[in-house]
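Observations on the model geometry
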Amino acid sequence: MAIDNITQRRTSPRGVHITSDEPRFALRFWSKALLTSNPDKCWEWQASTYSNGYGRIWVDEAVRIAHRVAWKITYGVYPTLDLLHSCDNKQCVNPNHLREGTNVENAAEAAERGLMQKGIDRWNAKVNPQLVKNIRQWNADGISHGRIAQQLGLGVNTVGSICRRQTWKHVV
């Protein structure tokens with residue numbers, strides 16, 4: 001590497017550059033997880049986390065998600081797809097609990113296991129079950145999606161999705 005490139009590289013907050021390929025990094029990484037001798041148990045990340053609960057660590061000149069780094073240490077490369085947890089534990093870095101998959105697979109598994117928020121439990125919910133019933137009834141009475149949306153301050157697509165039962169399917 002040319003000397004010019006070295007001076008332009010970003011360093012960690014403490015000024016130390018370490019890569020995931022260095023043996024000492026693996027030791028440092030695993031020291032931040034609560035390891036067990038049982039490969040079926042979760043190895044929970046004990047260091048810094050993102051607000052969403054996933055572990056994070058500074059490596060390879062960036063802050064990275066801990067379970068993706070665990071994959072890199074174990075298999076030699078960062079995953080090309082999402083990593084799915086078989087244990088549903090965001091803090092788990094046990095490679096035996098991780099597999100590569102698509103975002104669609106991840107969402108489907110989360111829904112299947114009841115991990116997806118729906119309806120009023122979603123952080124961005126603008127309606128509630130009673131309003132959903134009213135919207136469907138008004139539409140059945142002949143009021144257009146556009147008029148309902150305008151009256152309630154909702155988007156026309158939101159009202160249409162509710163009426164077609166694409167959303168709020170759990171409300172009868």
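A brief structural summary. (Residues numbered from 1 in each chain as written. Predicted model: local features only at pLDDT ≥ 70, side-chain atom pairs only at ≥ 80, totals over all residues. Heavy atoms only, no water.)

**As for the packing of helix α5 (residues 129–140) against helix α7 (residues 156–163)**
Interaxial distance between α5 and α7 falls to 9 Å at its minimum, and their mutual angle equals 85 degrees. One way to sum up the angle between α5 and α7 is to call them roughly perpendicular. Contacts from Val-132, Ile-135, Arg-136 and Asn-139 in α5 reach Val-159, Ile-162 and Cys-163 in α7. For the contact of α5 with α7, the per-class residue count stands at five nonpolar, one polar and one charged. (Axes fitted to C-alpha atoms, helices over the stretch in contact; angles between N-to-C directions. Helix = DSSP H or I, 4+ residues; strand = E, 2+ residues; numbered from the N terminus. Parallel < 35°, antiparallel > 145°, perpendicular 65-115°, else oblique. Contact = heavy atoms within 4.5 Å. Nonpolar A, V, L, I, M, F, W, Y, C, P; charged D, E, K, R; others polar.)

**What to know about the packing of helix α2 (residues 23–30) against helix α3 (residues 66–75)**
Where α2 contacts α3, the axes come no closer than 11 Å and their chain directions differ by 140 degrees. One way to sum up the angle between α2 and α3 is to call them oblique. When you trace α2 past α3, the crossing you get is left-handed. Here Phe-25, Ala-26, Phe-29 and Trp-30 of α2 lie close against α3, whose contacting residues are Ala-66, Val-69, Ala-70, Ile-73 and Thr-74. Counted by class, the contact of α2 with α3 contains eight nonpolar, one polar and no charged residues. (Left-handed = near helix turned anticlockwise from the far one by under 90°.)

**Brief notes about the pattern of salt bridges**
Summed over all chains, the structure comprises four salt bridges. A salt bridge links Asp-88 to Arg-113, with the nearest nitrogen and oxygen atoms 2.6 Å apart. A residue pair is termed long-range when its members are at least 10 positions apart, and Asp-88 in the loop between β5 (82–85) and β6 (98–101) and Arg-113 in the loop between α4 (103–112) and α5 qualify at 25 residues. Taken together, the shared-partner salt bridges in this structure form one network comprising Asp-88, Arg-99, Glu-105, Glu-109 and Arg-113. (Salt bridge = Lys/Arg side-chain N within 4 Å of Asp/Glu carboxyl O.)

**Things to note about the packing of aromatic side chains**
Geometry of an aromatic ring pair is reported as the spacing of the ring centres plus the angle between the planes. The full count for this structure, using the stated rule, is five aromatic pairs. Geometrically, the ring pair formed by Phe-29 and Trp-45 is tilted, given 4.9 Å between the ring centres and 35 degrees between the ring planes. You can see Phe-29 sitting in helix α2 and its partner Trp-45 sitting in strand β2 (residues 44–45), a full 16 residues away along the chain. Looking at Phe-29, the relative accessible area reads 0%, which means it is buried. Between Trp-30 and Trp-43, the aromatic rings sit 5.6 Å apart at their centres with planes inclined by 90 degrees, giving edge-to-face as the arrangement. In this pair, Trp-30 is assigned in helix α2 and Trp-43 in the loop between β1 (33–34) and β2, connecting sequence segments 13 residues apart. Judged by its relative accessible area of 18%, Trp-30 is buried. Accessibility expressed as a relative area gives 16% for Trp-43, which makes it buried. The structure contains a cluster of three or more aromatic residues connected by ring pairs, namely Phe-25, Phe-29, Trp-30, Trp-43 and Trp-45. The residue whose ring lies beneath Lys-72 is Tyr-78, and the NZ or CZ to ring-centre distance is 5.7 Å. (Phe/Tyr/Trp six-rings, centres within 6.5 Å; stacked < 30°, edge-to-face > 60°. Buried < 20%, exposed > 50% of the residue type's maximum accessible area, 1.4 Å probe, protein only. Lys NZ or Arg CZ within 6 Å of the ring centre and 35° of its normal.)

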